[in-house]
Structures are given as C-alpha cells and as structure tokens.
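# Structural overview
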Amino acid sequence: MKTIHTDQAPAAIGPYVQGNIVGGLLFASGQIALDPASGALVGDTIQEQTERVMKNVAALLEAAGTDFDHVVKTTCFLADINDFAAFNEVYATFFGEQRPARSAVGVAGLPKGALVEVEVIAEVG
C-alpha cells in the first residue's frame, strides 16, 4: 500500500490520509470545499463548493499519477438532495466521454457545514 499526500489538496482533518493506492487503484478520502492553503471552507453555493471539491479531487488524482479519465467510481454526498441538478452541472465539467460509476446520496450533515463531499476510486498506472 502506498499513501498519497499533496499540499495541493486539504490536509486530513482527522485520523485518516488523503488517499491510498492498493492493487493499482487509488482510494481517495472524501473531499469537501476546503482551501488547501488556509483549511477554510470556501463557497456559499453548491456550485462554488462543487468546483473547489473537484479541484481538490484533481490534486489527489495528480499526486497519485492519474486523472479524471481513470476514475472508475465516485460517491457524492449532498447536504441537500435538492441541489442535485446544480451539483451535476459543475461535476460533469470535470469528466470527458469516460464517465465513472457513481452513487449520490442526501445526508443529514457534512464536516464543517459543507454542502457537498466527493470521494473517488481511480485506476493508477
């Protein structure tokens, strides 16, 4: 197992790592809309937060030597499932023709009052 760490994505805010590579797959921890430099939550809307979340995911993918074209599965957590369409508008811009499998669920709450969290599994190598 290889642990992934990059300063281009937020540091872990608990007892976990940003991601692990096992068997040619990156298992990335969920990302919320934290600014990597300050650790502060950024964005007031689902669109703004989704943009920051996906940039954080991109940084983890890059640190692992992969990209969005190799994401095989995402799990998306929304504090308000009614934000689903607005979330999708931003989320979709990060993927080309190769779209991953996905689960999207509404949840009662997310860390730091975030509106969205996304975790990914991606092929590496």
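Summarised in this report is the structure supplied together with it. None of the values given here were measured: they were computed from a predicted structure. Within each chain, residue numbers correspond to sequence positions counted from 1 in written order. Since the coordinates come from a predicted model, pLDDT governs what is reported: local features require at least 70, and pairs of side-chain atoms require 80 or more to be given and counted, while whole-chain, interface and lining totals use all residues. For side-chain calculations, the full set of non-hydrogen atoms in the structure is used, while hydrogens and water are omitted.

## A few points about the overall build of the chain
For the purposes of this entry, the term helix denotes a DSSP run of H or I that reaches at least four residues, the term strand denotes a run of E that reaches at least two, and both are numbered from the N terminus. Each helix and strand counted, the chain has two helices and six strands in total. Put simply, the chain runs from its N terminus to its C terminus through helices and strands in the order β-β-β-α-β-α-β-β. Computed over C-alpha atoms, the radius of gyration of the chain comes to 13 Å, within 12% of the 14 Å expected from 2.2 N^0.38 for 125 residues, which places it in the range of a compact globule. The cut-offs for exposure are 20% and 50% of the maximum accessible area for each residue type, with area from a 1.4 Å probe on protein chains only; residues under the lower value are buried, those over the upper are exposed, and the others partly exposed. For the chain, with 125 residues in total, the buried portion stands at 40%. Considering only contacts within the chain whose residues lie at least 6 apart along the sequence, 69% involve residues at least 24 apart. Accessible surface, the chain: about 6400 Å² in total, of which carbon and sulfur atoms supply 52%. Counted charges follow a simple rule, with Lys and Arg positive, Asp and Glu negative, and His plus the chain ends left uncounted. Charge placement uses NZ in Lys and CZ in Arg. For Asp and Glu, CG and CD serve respectively. Here the chain holds 7 positive side-chain charges and 15 negative ones, and the gap between their average locations is 3 Å. As defined in this context, the radius of gyration uses C-alpha atoms, and a globule is described by 2.2 Å times the residue total to the power 0.38. A contact between two residues is defined here by any heavy atoms of the two lying within 4.5 Å. To measure how exposed things are, a 1.4 Å probe is used in the Shrake-Rupley method; for residues, cover is taken only from the protein chains shown.

## Digging into unusual backbone geometry
Here Lys 112, not a glycine, exhibits a phi torsion of approximately 60°, which is positive. Structurally, Lys 112 can be placed in the loop between strand 5 (101-106) and strand 6 (116-123).

## Structural notes on a nonpolar patch on the surface
Patches here: salt-bridge-free residues with over 30% relative accessible area, like charges joined within 9 Å, nonpolar side chains (Val, Leu, Ile, Met, Phe, Trp, Tyr) joined within 5 Å. One speaks of a salt bridge when a side-chain nitrogen belonging to Lys or Arg is within 4 Å of a carboxyl oxygen belonging to Asp or Glu. Taken together, the side chains of Met 1, Val 22 and Phe 27 present a nonpolar region at the surface, about 340 Å² in accessible area. Counting through the fold element by element, Val 22 comes out in strand 2 (residues 19-22).

## As for the pattern of salt bridges
Taken as a whole, this structure holds one salt bridge when the rule is applied. Here Lys 55 makes a salt bridge to Glu 51, at a shortest N to O gap of 3.8 Å. Note that Lys 55 and Glu 51 are positioned in helix 1 (residues 46-63) at a spacing of four residues, about one turn of the helix. Assessed through its relative accessible area of 41%, Lys 55 is described here as partly exposed. With a relative accessible area of 30%, Glu 51 lands in the partly exposed category.

## Quick notes on the pairing of strand 2
Two strands are counted as paired when DSSP detects at least two bridges linking them. Bridging between strand 1 (residues 2-4) and strand 2 involves three bridges; their strand directions are antiparallel. Bridge pairing in strand 2 places Ile 4 opposite Gly 19. From the end of strand 2 to the start of strand 3 (residues 25-28), which pair antiparallel, there are two residues, and Gly 23 there has a positive phi angle of about 55°.

## As for the sheet that holds strand 4 (residues 71-78)
Pairing is mixed in the open sheet, where six strands are placed in the order 1-2-3-6-4-5. Because the sheet does not close on itself, it has two edges, and the strands there are strand 1 and strand 5. For this sheet, the mean inter-axis angle between neighbouring strands, taken without regard to orientation, is 15°. Pairing between strand 2 and strand 3: four bridges, direction antiparallel. Looking at the pairing, Gly 19 lines up with Ala 28 of strand 3. Fitted lines through C-alpha atoms give the axes, limited to the stretch in contact for helices. The angle between two N-to-C directions lies from 0 to 180 degrees. Sitting on the sheet, helix 1 is in contact with strand 1, strand 3, strand 4 and strand 6, with an inclination near 25° to strand 6.

## Thoughts on the environment of Ala 9
With respect to the element layout, Ala 9 can be found in the loop between strand 1 and strand 2. Separated by 27 residues in the primary sequence, Ala 9 and Pro 36 place their C-alpha atoms 4.9 Å from one another. Ala 9 has contacts with Gln 18, Gln 31, Pro 36, Asn 56, Ala 59 and Leu 60, leaving out every residue within four places of it along the chain.

## So, helix 1
Any helix carries an expected span of 1.5 Å times its number of residues minus one. For helix 1, built from 18 residues, the straight-helix expectation of 26 Å at 1.5 Å per residue is met to within 8% by its first-to-last C-alpha distance of 26 Å. Check the buried side of helix 1 and you find it contacts strand 1, strand 3, strand 4, helix 2 (84-91) and strand 6. Where helix 1 ends, the next residue or the one after it, Gly 65, has phi of about 80°, a positive value.

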